[in-house]
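# Summary of the model geometry
Spelled out, the chains give:
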Amino acid sequence: RCNLRCTHCAVSEENNLGGYFYEDLPIEAFRKLLPSLSAHRPMIQLSGHGETLLHPYFSEMLAATLETGCRVKFQTNGTIMTEAQARLIAGCVDVVHVSLDGPNEELNSVIRGHGNFNSAVEGVRKLKAAGVKKILLVTNINSANIGRLHEMRVLRDELGVELGNNIFAAVG
């Protein structure tokens, strides 16, 4: 589930034409993973089908993962981040990836849809104000934004975060 309808994402019903079946990982299945996590203590990325914060058991999964001794990172589009969530995350998450595909509404909306840029940036600000150690803006490089990636560096500097990217190319 997700609150956005990104053009590249299979979770978006507009892209999958109803043919993408998913369900949230049941909390019972997640709990079965905990002994293995505790034994091996890998870095865990909490993410999945859509917006991570919309999983009904996100807070419980985060707490349980931390109790195993694992380090945690997760990804979000940032648009629904609350101050309370930001404080919770700041206290325990090593890295937060925030999806942002342009330095302004115009370019971000090419992939993320209209009206999401300001709320995503506000989500980043909440994470930063709460003291998250490492925030990485993750940009999907495409034909619309490739010539303006230097503007993402300016936004990165304004927000005091880091910048990463994905490259999408037609294959097959």
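Attention here is on the structure that accompanies the text. (Residues numbered from 1 in each chain as written. Predicted model: local features only at pLDDT ≥ 70, side-chain atom pairs only at ≥ 80, totals over all residues. Heavy atoms only, no water.)

## Things to note about the sheet that holds strand β1 (residues 44-46)
Quick note on the threshold: One requirement defines pairing of two strands: DSSP has to find at least two bridges between them. Only DSSP runs of H or I reaching four residues or more are called helices, and only runs of E reaching two or more are called strands; each is numbered from the N terminus. Lines are fitted to the C-alpha atoms to define the axes, a helix being fitted only along its stretch in contact, and any angle between axes, read from their N-to-C directions, falls within 0 to 180 degrees.
If you trace the 5 strands from one edge of the open sheet to the other, you get β1-β2-β3-β4-β5, paired in parallel fashion. Either end of the sheet is taken by a strand with one partner, and the two such strands are β1 and β5 (162-167). Mean inter-strand twist for the sheet, computed between neighbouring axes without regard to direction, equals 25°.

## Describing the pattern of salt bridges
To be explicit about the condition: Think of a salt bridge as a Lys or Arg side-chain nitrogen and an Asp or Glu carboxyl oxygen that are within 4 Å of each other. Think of it in three bands: residues with accessible area under 20% of the maximum for their type are buried, residues over 50% are exposed, and the middle band is partly exposed, with areas taken using a 1.4 Å probe on protein chains only.
Under the defined criterion, the tally for this structure stands at 8 salt bridges. A salt bridge links Lys 133 to Asp 94; the nearest nitrogen and oxygen atoms lie 3.7 Å apart. Residue Lys 133 is located in the loop between α6 (117-130) and β4 (135-141), and its partner Asp 94 is located in the loop between α4 (83-90) and β3 (95-99); the two are separated by 39 residues in the primary sequence. Judged by its relative accessible area of 16%, Asp 94 falls in the buried class. One salt bridge in this structure joins Asp 157 and Arg 156, with 2.9 Å as the shortest N-O distance.

## Considering the environment of Val 154
Tracing the chain through its elements places Val 154 in helix α7 (residues 149-159). On the basis of relative accessible area, Val 154 is assigned to the partly exposed category, the value being 47%. Residues Val 154 and Pro 103, spaced 51 residues apart in sequence, show a C-alpha to C-alpha distance of 8.1 Å.

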